[in-house]
Amino acid sequence: MIKVSIILPIYNVEPYLRETLDSLLNQTLRDIEVIAVNDGSADRSEEILREYQAADSRLTYYNQNNQGQSAARNHALQYASGKYIYFMDADDVLDPCALKRCYDYSEQMNADIVFFDGDIMQEEGAAPLTWNYKRTHMVEEHRCYGGEELMNLMLDKMKYNCVVWLLFIRKDYLDFTHLKFYEGIIHEDELFTAILMLRSNAIYCLKESYVKHRVRSASTMGARYSKRNINCYLTVIDELLRFQNSSITRKYARYTLSKVFYTGHLLPFREKPRVFLRAVFSGYLRFIGLKSTLVFWLKRRPSVSR
């Protein structure tokens, strides 16, 4: 029986892909499958996938025209046969004991979701992150949390983090939610992980750091902030409130949009009116808040050195 299915979307990651695949295929847990979807890469990523597939039958890959990470993950999920699912980014590195430890712990606790910490690998030229991926210190190991309780705790402590590669997920639970990644947007993890957490009453943590997350200038997190970032966050809030309009989702909206529009001062002025009006017409001004609104409109963009 396959114990863990690793979902791996691929897009132009040739310089990093070998290190990522080695970290997966050399896991101490051997009963795994790696399902990669090449999302229209224009580099040698497919050639590397073909080479690794020939050497290790646990890796399979599929090609699709470029449709984005959400579509690639959804494509891969239909082939997953493991008892658990792990979503990996194709330029990250996983600790060799991660899947074995998560599998054993999930079985012991009968968990829907197990979450853990991550470290950052910052590449030269990438915009520095203003947050980290450490949050297990706030909770108790071996204690069962409900999603709403956990989200409340993390939001109150300003440590909520949405990334899916810090989660180890029981496939039966994922199938029960009928949850897929929202296609056509970036920051899709924000929506997926929020709904995934809110529907669960069996979330546990492991107080370990198992993944090294690479931040590079070409990645979503390393790229220049743009109106697309804000529009996609607004779509996330639209969909989350459509799923459940409650005190916890409204708290999440305040937590998210206040930061999104505070950072929005980085946009060129000509891009600001349309995204701000979309938020106003959606009734989200109450989530953005006065301080972030003033910063959005009045704080100057930093000058670009030449």
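Summary of the structure given here.

1. A few points about the sheet that holds strand β3 (residues 59-64)
At step 1: Read across the open sheet, the 8 strands follow the order β3-β2-β1-β4-β7-β6-β8-β5; overall the sheet is mixed. Strands at the two margins of the open sheet, each flanked by one partner only, are β3 and β5 (93-94).
At step 2: Summarising the sheet, strand β2 (residues 32-39) and β3 pair through 6 bridges and their orientation is parallel. From the neighbouring strand, Ile-35 faces β3, where its bridge partner is Thr-60.
At step 3: Sheet strands in contact with helix α4 (residues 98-109) are β1 (4-10), β2, β4 (84-87), β5, β6 (113-122), β7 (167-170) and β8 (203-215), and its direction is about 160° off that of β8.

2. Side note on the nonpolar core
At step 1: Formed by 107 residues in total, the largest nonpolar core has its most connected members in Val-4, Tyr-86, Phe-87, Tyr-160, Phe-168 and Phe-261.
At step 2: When residues in this core are grouped by element, the largest group, 8 residues, is from helix α8 (residues 227-243).
At step 3: Once you skip the residues sitting within four places of it in the chain, Phe-168 turns out to touch Val-4, Tyr-84, Ile-85, Tyr-86, Leu-99, Cys-102, Tyr-103, Ser-106, Asp-112, Ile-113, Val-114 and Phe-116.

3. Some details on the packing of α8 against helix α9 (residues 247-263)
At step 1: Interhelical geometry of α8 versus α9 gives an angle of 175° and a closest axis separation of 11 Å. The pairing of α8 with α9 is recorded here as roughly antiparallel in orientation. Together, Ile-230, Tyr-233, Leu-234, Val-236, Ile-237, Leu-240 and Leu-241 of α8 and Thr-249, Arg-250, Tyr-252, Ala-253, Thr-256, Leu-257, Val-260 and Phe-261 of α9 make up the contact between the two elements.
At step 2: Counted by class, the contact of α8 with α9 contains 12 nonpolar, 2 polar and 1 charged residues.

4. Let's talk about helix α12 (residues 290-298)
At step 1: The complete set of buried residues in α12 reads Ser-292, Thr-293, Val-295 and Phe-296. Buried residues of α12, seen end-on, are gathered within an arc of 165° and therefore sit on one face of the element. Those residues of α12 that are exposed and angled more than 90 degrees off the buried face are Leu-290, Lys-291 and Leu-298.
At step 2: Here the buried face of α12 lies against α8, α9, α10 (272-281) and α11 (285-288).

5. Here we look at the pairing of β2
Every other side chain in a regular strand lies on the same face of the sheet, so the side chains alternate between the two faces.
At step 1: Across the 8 residues of β2, 8 count as buried, placing the element largely inside the fold.
At step 2: A two-sided burial pattern is seen for β2, the buried positions comprising Ile-32, Val-34, Ala-36 and Asn-38 on one face and Glu-33, Ile-35, Val-37 and Asp-39 on the other.
At step 3: Relative to β2, β1 runs parallel, the two being bridged by 7 bridges. Its bridge partner being in β2, Ile-10 is matched across the sheet by Asn-38.
At step 4: Between the parallel elements β1 and β2, the chain passes through helix α1 (residues 14-25) in a crossover that is right-handed.

6. Details of a nonpolar patch on the surface
At step 1: A cluster of nonpolar side chains, contributed by Leu-277, Val-280, Phe-281 and Leu-285, occupies part of the molecular surface with about 380 Å² of accessible area.
At step 2: With 3 residues, the top contributor of residues to the nonpolar patch is α10.
At step 3: If you trace the backbone, Leu-285 turns up in helix α11.
At step 4: Given a relative accessible area of 38%, Leu-285 falls into the partly exposed group.

7. Observations concerning a positive patch on the surface
At step 1: Side chains of Arg-224, Lys-227, Arg-270, Arg-274 and Arg-301 sit close together on the surface and give a patch of like positive charge.
At step 2: When you line up the elements, Lys-227 lands in helix α8.

8. What about the packing of aromatic side chains?
At step 1: Scanning all chains against the criterion turns up 20 aromatic pairs.
At step 2: The interplanar angle of 75° and the centroid separation of 5.3 Å between the aromatic rings of Phe-276 and Trp-297 together place this pair among those described as edge-to-face. On the criterion of sequence distance, the pair formed by Phe-276 in helix α10 and Trp-297 in helix α12 is long-range, its members being 21 residues apart.
At step 3: Seen from their ring centres, Phe-296 and Trp-297 are 5.1 Å apart, and the 90° between their planes marks the pair as edge-to-face.
At step 4: Under the relative-accessibility criterion, Trp-297 is labelled partly exposed at 27%.
At step 5: Aromatic ring contacts, followed pair by pair, group Phe-261, Phe-269, Phe-276, Phe-296 and Trp-297 into a single cluster.
At step 6: One Lys or Arg, Arg-73, reaches over the ring of Phe-181 and ends 4.8 Å from the middle of that ring.

The rules behind the values
- Residues numbered from 1 in each chain as written.
- Predicted model: local features only at pLDDT ≥ 70, side-chain atom pairs only at ≥ 80, totals over all residues.
- Heavy atoms only, no water.
- Pairing = 2+ DSSP bridges.
- Helix = DSSP H or I, 4+ residues; strand = E, 2+ residues; numbered from the N terminus.
- Contact = heavy atoms within 4.5 Å.
- Axes fitted to C-alpha atoms, helices over the stretch in contact; angles between N-to-C directions.
- Core = buried A, V, L, I, M, F, W, Y, C linked by side-chain atoms within 4.5 Å.
- Buried < 20%, exposed > 50% of the residue type's maximum accessible area, 1.4 Å probe, protein only.
- Parallel < 35°, antiparallel > 145°, perpendicular 65-115°, else oblique.
- Nonpolar A, V, L, I, M, F, W, Y, C, P; charged D, E, K, R; others polar.
- Arc of directions from axis to C-beta.
- Right-handed = clockwise from strand over helix to strand, strands pointing away.
- Patch = residues over 30% accessible without salt bridge, like charges linked within 9 Å, V, L, I, M, F, W, Y side chains within 5 Å.
- Areas by Shrake-Rupley, 256 points an atom, 1.4 Å probe, with all protein chains shown as cover.
- Salt bridge = Lys/Arg side-chain N within 4 Å of Asp/Glu carboxyl O.
- Lys, Arg positive; Asp, Glu negative; His and termini not counted.
- Charge placed at Lys NZ, Arg CZ, Asp CG, Glu CD.
- Phe/Tyr/Trp six-rings, centres within 6.5 Å; stacked < 30°, edge-to-face > 60°.
- Lys NZ or Arg CZ within 6 Å of the ring centre and 35° of its normal.

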